[in-house]
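# Summary of structural features
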Amino acid sequence: METKIIQKRQDYISWDEYFMGIAALSALRSKDPNSQVGACIVSEDNKILSMGYNGFPIGCSDELFPWAREGDTLNTKYAYVVHSELNAILNYRGGSLQGTKIYVTLFPCNECAKAIIQAGIKTVIYDSDKYDGTPANIVSKKLLETAGVKVVKYKKSGRKINIEL
């Protein structure tokens, strides 16, 4: 009797595609009308530890706080929104994040860079860097470099993935 050898699929997604895909899917939970950002924290052995997206703190209604980008501080989103990276760090309930990596759809701001460093995350893989050259972006890059955090630009594969929900 002959045994038929079945080959594995060749079109499966890479780890980077998988984790950036999770970050992008997480971003879709954001109610921010202008910027939807997602993050996914991964262990050294490619296990998902936590995820986050940008939004208001737990218990703070999306209806009661402002989503505006311009105006005085009290009437814009910036004083109230928790960024995806910080949400992912705070959502983790398993102990230390030392040596992990974080996939983010937008390059981390300076405040998130500080949280990433303090949490012990050692690698940042980012997709967009639309604020490149702004003061907060320059500070973020300086902090991450000085702390020895590896920063990697995500290389898009161009693959389209359709998910029916």
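So, here's what we can say about the structure. (Residues numbered from 1 in each chain as written. Predicted model: local features only at pLDDT ≥ 70, side-chain atom pairs only at ≥ 80, totals over all residues. Heavy atoms only, no water.)

In this section: the overall build of the protein. In terms of helices and strands, the protein carries four helices and five strands. Counting helices and strands in the order they occur from the N terminus, the protein gives α-β-β-α-β-α-β-α-β. Here the protein holds 165 residues, and 39% of them are scored as buried. For the protein, contacts bridging at least 24 residues in sequence account for 62% of all contacts bridging at least 6. (Helix = DSSP H or I, 4+ residues; strand = E, 2+ residues; numbered from the N terminus. Buried < 20%, exposed > 50% of the residue type's maximum accessible area, 1.4 Å probe, protein only. Contact = heavy atoms within 4.5 Å.)

Before going further, it helps to examine unusual backbone geometry. Its identity is not glycine, yet Asn-46 carries a phi of approximately 65 degrees, on the positive side. Assessed through its relative accessible area of 18%, Asn-46 is described here as buried.

Another point: the pattern of salt bridges. Applying the stated rule across the entire model yields nine salt bridges. For the salt bridge of Lys-114 with Glu-111, the shortest nitrogen-to-oxygen distance reads 2.9 Å. Linking Lys-114 with Glu-111, this pair stays in helix H3 (residues 110–119), spanning three residues, or about one helical turn. The salt bridge partner of Lys-156 is Asp-127, with a shortest N-O separation of 3.3 Å. Separated by 29 residues along the polypeptide, Lys-156 in the segment after strand E5 (150–153) and Asp-127 in strand E4 (residues 123–128) bring together distant segments of the chain. We classify Asp-127 as buried; its relative accessible area is 14%. Beyond isolated ion pairs, a larger network of salt bridges with shared partners links Asp-127, Lys-153 and Lys-156. (Salt bridge = Lys/Arg side-chain N within 4 Å of Asp/Glu carboxyl O.)

With 13 residues, helix H1 (residues 15–27) should reach 18 Å at 1.5 Å per residue; the first-to-last C-alpha distance of 18 Å fits that figure. Turning to H1, its buried residues number three or more, namely Glu-17, Phe-19, Met-20, Ile-22, Ala-23, Ser-26 and Ala-27. Elements in contact with the buried residues of H1: strand E1 (38–42), strand E2 (48–53), strand E3 (101–106) and E4. (Expected span 1.5 Å × (residues − 1).)

Moving on, we come to the pairing of E1. Every other side chain in a regular strand lies on the same face of the sheet, so the side chains alternate between the two faces. In terms of burial, E1 is largely enclosed, as five of its five residues are buried. Relative to E2, E1 runs antiparallel, the two sharing five bridges. Bridge pairing in E2 links Gly-38 to Tyr-53. Looking at chain direction, E1 and E3 are connected through four bridges and run antiparallel. The residue of E3 that forms the bridge with Ile-41 is Ile-102. (Pairing = 2+ DSSP bridges.)

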